[in-house]
Amino acid sequence: MSTFEVIPTGRALGAEVIGLDLRRELDEYTVGRLRAAFLDHCVLFFRGQEISQADLVRFTRYFGNPVPHVRPQPDRPIEEIFVISNVTEDGKPIGALGSEGIPFHSDLSYLPEPGTVSLLYALEIPDEGGETMWANGYAAYEALDPDMQTRINGLSAVHRHPIDALNTPEPTTHPVVRTHPETGREVIYVSPHLTYRITGMEREVGQALLDELIAHATHSRFVWKHIWQVGDLVMWDNRCTMHRRTPFDDRQRRVMWRTQVFGAGTV
Ligand code: OGA
Ligand code: MN
């Protein structure tokens, strides 16, 4: 049995897990405690890990079924591993997402069945920038005034990716207030990056409502920023959080391995 400590960030979400070596298999009791901590804190991070791609995939399996990322990436020795990087080799990018900032989003919300858990492991990081911020969707929903909660309960929104080729032929819609399948708690589920419009609402009224909800849900009191170190593994629950990335100097290198869990999973 492995012992570990969970140290909350003191912000709206996130906790550091101390005392686990993720090169090792974890026993059932430890995994159960980790899953519970994950549901409580929405984001967990582990520092100082020196793991292989196989270790990352094995660890990911404790939280559901890792699947190859929907975006194609050639030459993947382990197909569940997706590289996030701005680095190019022989003129070709070795990974996705470049060095630009990425607005707040919940992963793959442009799909009818979005990603549930995402994991990101840092191999190389820039001197500054390239930080990732998470926002707590539960806290944002709970802080709305009851009139606004009533107004948005039952609404749905169209989600779509700015790269049109990634979208499904039929528009993807999700409830504006989503119930987390495991905690039963309600969450605001709209984002500036991937939510396109509120369904069945006049365009301007819908846009004003979306803007208001997004400004509220991304307020700094619901947000925590992770400053990356090499060897960090961060895992987040897309069913109750959004995240964004700050830009960084493209002359610097940032290399991460990423895994993705789909479906209801086991957490
Ligand atoms: C992602 C993502 C942010 C980052 O992998 O889904 O949004 O910090 N990455 O690279
Ligand atoms: Mn993302």
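Scope of this entry: the structure provided in the associated data block. Every value quoted in this text rests on a predicted model; they were computed, and no experiment measured them.

## Considering the environment of Ile-152
Right, so step 1: Structurally, Ile-152 can be placed in helix H4 (residues 146–152).
Right, so step 2: Along the primary structure Ile-152 and Gly-129 are separated by 23 residues, whereas in three dimensions their C-alpha atoms are 35 Å apart.
Right, so step 3: Ile-152 has contacts with Tyr-141, Leu-144, Val-176, Val-177, Leu-209 and Leu-213, leaving out every residue within four places of it along the chain.

## Thoughts on the pattern of salt bridges
Right, so step 1: Applying the stated criterion across every chain yields a total of 10 salt bridges.
Right, so step 2: The residue Asp-232 makes a salt bridge to Arg-47 at a minimum N-O spacing of 3.0 Å. Of the two residues, Asp-232 sits in the loop between strand S17 (223–226) and strand S18 (233–237) while Arg-47 sits in the loop between strand S3 (43–46) and helix H2 (53–61), which places them 185 residues apart along the sequence.
Right, so step 3: With its nearest N and O atoms 3.6 Å apart, the salt bridge here joins Glu-131 to Lys-225. Separated by 94 residues along the polypeptide, Glu-131 in the loop between strand S10 (115–124) and strand S11 (132–136) and Lys-225 in strand S17 bring together distant segments of the chain.
Right, so step 4: The buried category is assigned to Glu-131, whose relative accessible area is 14%.
Right, so step 5: A cluster of three or more residues bridged by salt bridges with shared partners is formed by Glu-182, Asp-237 and Arg-239.

## What to know about the coordination of the manganese ion (ligand 2)
Right, so step 1: Protein coordination at the manganese ion (ligand 2) comes from His-105 (NE2), Asp-107 (OD) and His-243 (NE2), with a distance range of 2.1 Å.
Right, so step 2: Written as a sequence motif, the donor arrangement for the manganese ion (ligand 2) is H-x1-D-x135-H.
Right, so step 3: Judged by its relative accessible area of 6%, Asp-107 is buried.

## Quick word on empty space enclosed by the protein
Right, so step 1: One pass over the structure, following the stated rule, counts two cavities of 30 Å³ or more.
Right, so step 2: As a volume, the largest cavity reaches approximately 60 Å³.
Right, so step 3: As for the largest cavity, its lining consists of 13 residues, and the residues nearest its centre are Gly-137, Ile-188, Cys-240, Thr-241 and Met-242.
Right, so step 4: Among the elements of the structure, S11, helix H3 (137–143), strand S15 (186–188) and strand S19 (241–245) are those that each provide at least two residues to the lining of the largest cavity.
Right, so step 5: Split by residue class, the lining of the largest cavity holds eight nonpolar, four polar and one charged.
Right, so step 6: For the lining of the largest cavity, the two domains that each supply at least three residues are domain 1 (5–135 + 225–262) and domain 2 (137–217).
Right, so step 7: A volume near 40 Å³ is recorded for the second largest cavity.
Right, so step 8: Contributing to the lining of the second largest cavity are Ser-106, Ser-109, His-159, Ile-188, Tyr-189, Val-190, Ser-191, Thr-195 and Met-242.

## A word on the site of ligand 1
Right, so step 1: Within the structure, ligand 1 sits among Ile-84, Leu-97, His-105, Asp-107, Leu-120, Thr-132, Trp-236, His-243, Arg-245, Arg-254 and Arg-258.
Right, so step 2: Contacts to ligand 1 include His-105, whose side-chain N or O atom sits 3.3 Å from an oxygen atom.
Right, so step 3: Between Asp-107 and ligand 1, the recorded distance is 2.9 Å, taken from a side-chain N or O atom to an oxygen atom.
Right, so step 4: About the coverage of ligand 1: the protein hides 97% of its 290 Å² of free accessible area.
Right, so step 5: Across the shell around ligand 1, the residue classes break down as four nonpolar, three polar and four charged.

Calculation notes
Residues numbered from 1 in each chain as written. Chains lettered and ligands numbered in written order. Predicted model: local features only at pLDDT ≥ 70, side-chain atom pairs only at ≥ 80, totals over all residues. Heavy atoms only, no water. Helix = DSSP H or I, 4+ residues; strand = E, 2+ residues; numbered from the N terminus. Contact = heavy atoms within 4.5 Å. Salt bridge = Lys/Arg side-chain N within 4 Å of Asp/Glu carboxyl O. Buried < 20%, exposed > 50% of the residue type's maximum accessible area, 1.4 Å probe, protein only. Donors = N, O, S within 2.8 Å, 3.2 Å for Na, K, Ca; no water. 1 Å grid on protein atoms, 1.4 Å probe; cavity = no way out; pocket = protein on both sides within 12 Å on 5 of 7 lines; lining within 4 Å. Points joined across faces, edges and corners; volume = space filled by probe spheres on them. Nonpolar A, V, L, I, M, F, W, Y, C, P; charged D, E, K, R; others polar. Domains from an automatic or database assignment. Near = heavy atom within 4 Å. Polar contact = N/O pair within 3.5 Å; in protein donor to acceptor, adjacent residues only side chain to side chain. Areas by Shrake-Rupley, 256 points an atom, 1.4 Å probe, with all protein chains shown as cover.

The analysis is restricted to geometry; functional conclusions fall outside its scope.
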